[in-house]
Amino acid sequence: MDPVNALICMAVAAWVGQIALGWRQINRFNQAIGTLSNSGQICIGRSAGRFKPRVILALAIGDEGRITGNFVMKGLTVFARPYSENALTGKTLSELHPETLFPANKALREALTLAISNKRC
């Protein structure tokens, strides 16, 4: 096999790997959303940024207006996993102040602000 064909094969293998890992991440996100949707109405916020780690935050709001569940996905790669942020659970939307909850994490503040300001919540 000449070097050009070897390079093409490596590029195709990397592309297929990226597709597989992206599919796995989407499945993790969908499973987390499915689990969260059993807890109440869902509000989602996402931080902006092209070359910095993005943050996706989902909140489940119960009938009484309290946050019954949440998850955060943070990362630059397809290896980001959803995890729960304990500082949010049990609070109402009016009690949430992103600047005081996450003073050191601008991306998480931005995602929480967008989730709170979602018109459907």
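In case you missed it, the structure is sitting above this.
Sequence order as written defines the numbering, with residues in each chain counted from 1. Totals for whole chains, interfaces and linings use all residues, but because this is a predicted model, local features are given only for residues with pLDDT of at least 70 and pairs of side-chain atoms are given and counted only at 80 or more. Only hydrogens and water are set aside when side-chain values are computed; all heavy atoms of the structure are taken into account.

(A) Structural view of the nonpolar core. Counting 16 residues, the largest nonpolar core has Leu57, Leu59, Leu88, Leu96 and Leu112 as its most contacted members. The way it works is that DSSP assigns letters per residue, a run of H or I at least four long becomes a helix, a run of E at least two long becomes a strand, and they are numbered from the N terminus. Of all the secondary-structure elements, those providing two or more residues to this core are strand E2 (54–61), strand E3 (67–75) and helix H3 (106–116). Setting aside residues up to four positions removed in sequence, Leu88 forms contacts with Leu57, Leu59, Ile67, Asn70, Leu96, Leu101, Phe102 and Leu112. The next biggest cluster of nonpolar side chains, apart from the first, holds eight residues, and it includes Ala58, Ala60, Met73 and Ala80. Among buried residues, those of type Ala, Val, Leu, Ile, Met, Phe, Trp, Tyr and Cys that are joined through side-chain atoms within 4.5 Å constitute a nonpolar core. Here the term buried applies to any residue with accessible area under 20% of the maximum for its type, exposed to any over 50%, and partly exposed to those in between, with areas from a 1.4 Å probe on protein chains only. A contact between two residues is defined here by any heavy atoms of the two lying within 4.5 Å.

(B) Representation of a nonpolar patch on the surface. In this analysis, a patch consists of residues with relative accessible area above 30% that form no salt bridge, clustered at 9 Å for like charges and at 5 Å for the nonpolar side chains Val, Leu, Ile, Met, Phe, Trp and Tyr. Working definition of accessibility: Shrake-Rupley area with a 1.4 Å probe, residue cover restricted to the visible protein chains. In the sections that follow, a salt bridge refers to a side-chain nitrogen of Lys or Arg positioned within 4 Å of a carboxyl oxygen of Asp or Glu. On the surface, Val4, Ile8, Val12, Trp15, Val16 and Ile19 cluster together to form a nonpolar patch covering roughly 590 Å² of accessible area. Structurally, Val12 can be placed in helix H1 (residues 3–37).

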